[in-house]
Every structure is written in C-alpha cells, then in structure tokens.
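As a plain string of letters, each chain reads:
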Amino acid sequence: MLVEEKPVGIVSVSNRLIEDLYVVPDKQNMGYGSKLLQFAMKECVGTPTLWILENNTGAERLYRRMGFRETGRIHRVTDGLAEIEFSQV
C-alpha cells in the first residue's frame, strides 16, 4: 500500500489465507491495517483465514473487529509462544 507514493503497509493473499499484513509503525492506528485487511478479504478464494501470534493483541483487536474468530487450531512456534488461527464468520 502506497500513500503519496510512500509505502505504508503490505499484505499477501494465497487462496483463502491472509499473511504478512504489516503497517509501518508510524502509520499504525490510522486505518491502513483495516483497508489492507478489507482488500485481502476480497481477494480470498473462500472463507478468509489467518494466523496471529498469541501475544499480538493489536492484531487480534483488528481481526475481531473485522469479524474474525478463533477456529481452535493452534501451532506451537516455541515452548512459550503459539500462533492461533482465525477465520471470518
């Protein structure tokens, strides 16, 4: 995503999986993450899904606000950290 020809964020979509949604720190909380997520959801084939680190509360708030909920699937990254799958309902 470019704003005034400067990069502010990025997102990747593969079938129904949304990955790598990132907004540069000084542009966060300005609506760019929501716009990127809306774009990604339209690009998905089927029900959009994504994974987030369990300690990423900012991302979790955004995804829940956009209608995503936990599926119950968990992937352990390390002994103390896991990724949680979310799907749009």
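See the structure shown above.
Cut-offs applied
- Residues numbered from 1 in each chain as written.
- Predicted model: local features only at pLDDT ≥ 70, side-chain atom pairs only at ≥ 80, totals over all residues.
- Heavy atoms only, no water.
- Pairing = 2+ DSSP bridges.
- Helix = DSSP H or I, 4+ residues; strand = E, 2+ residues; numbered from the N terminus.
- Contact = heavy atoms within 4.5 Å.
- Salt bridge = Lys/Arg side-chain N within 4 Å of Asp/Glu carboxyl O.
- Buried < 20%, exposed > 50% of the residue type's maximum accessible area, 1.4 Å probe, protein only.
- Axes fitted to C-alpha atoms, helices over the stretch in contact; angles between N-to-C directions.
- Expected span 1.5 Å × (residues − 1).
- Core = buried A, V, L, I, M, F, W, Y, C linked by side-chain atoms within 4.5 Å.

**Points about the pairing of strand β3 (residues 9–14)**
Step number 1: As paired elements, β3 and strand β4 (residues 17–23) share five bridges and run antiparallel to each other. Paired with Ile10 across the two strands is Tyr22, which belongs to β4.
Step number 2: Where β3 folds back onto β4 in an antiparallel hairpin, the turn is made up of two residues, including Asn15, whose phi is positive at roughly 60°.

**Remarks on the environment of Met41**
Step number 1: Tracing the chain through its elements places Met41 in helix α1 (residues 32–43).
Step number 2: Remark: the alpha-carbon pair of Met41 and Glu54, spanning 13 residues in sequence, is separated by 21 Å.
Step number 3: When sequence neighbours within four positions are dropped, the list of residues in contact with Met41 reads Ile18, Pro48, Met66, Phe68 and Gln88.

**Considering the pattern of salt bridges**
Step number 1: With the rule as written, the count across this model stands at three salt bridges.
Step number 2: In this structure, Arg64 engages Glu70 in a salt bridge whose closest nitrogen and oxygen atoms are separated by 2.7 Å.
Step number 3: For Arg64, a relative accessible area of 29% translates into the label partly exposed.
Step number 4: Given a relative accessible area of 44%, Glu70 falls into the partly exposed group.

**Looking at the sheet that holds β3**
Step number 1: The strand order β3-β4-β5-β7-β6 describes an open sheet built from five strands, whose pairing is mixed. A strand with exactly one partner marks an edge of an open sheet, and here the two such strands are β3 and β6 (68–78). Across the sheet, the axes of successive neighbouring strands diverge by a mean angle of 25°, strand direction being ignored.
Step number 2: Each of β3, β4, β5 (49–53), β6 and β7 (81–88) touches α1; the most contacted strand, β4, lies at about 160° to it.
Step number 3: Docked against the sheet, helix α2 (residues 57–65) engages β4, β5, β6 and β7, running at close to 155° with respect to β6.

**Here we look at α1**
Step number 1: For α1, spanning 12 residues, the distance from its first C-alpha to its last is 17 Å, which sits close to the expected 16 Å at 1.5 Å a residue.
Step number 2: Among all positions of α1, only Tyr32, Gly33, Ser34, Leu36, Leu37, Ala40 and Met41 are buried.

**A few points about the nonpolar core**
Step number 1: Judged by nonpolar contacts, the single largest core of 19 residues is most densely connected at Ile18, Leu37, Leu50, Ile52, Tyr63, Phe68 and Phe86.
Step number 2: The leading source of residues in this core is α1, at five residues.
Step number 3: In this view, Phe86 contacts Pro48, Thr49, Leu50, Ile52, Glu60, Arg64, Phe68, Arg69, Glu70 and Thr71; residues no more than four positions away in its chain are not counted.

**Some details on the environment of Val23**
Step number 1: Along the polypeptide, Val23 turns up in strand β4.
Step number 2: Separated by 15 residues in sequence, Val23 and Val8 have C-alpha atoms that sit 5.7 Å apart.

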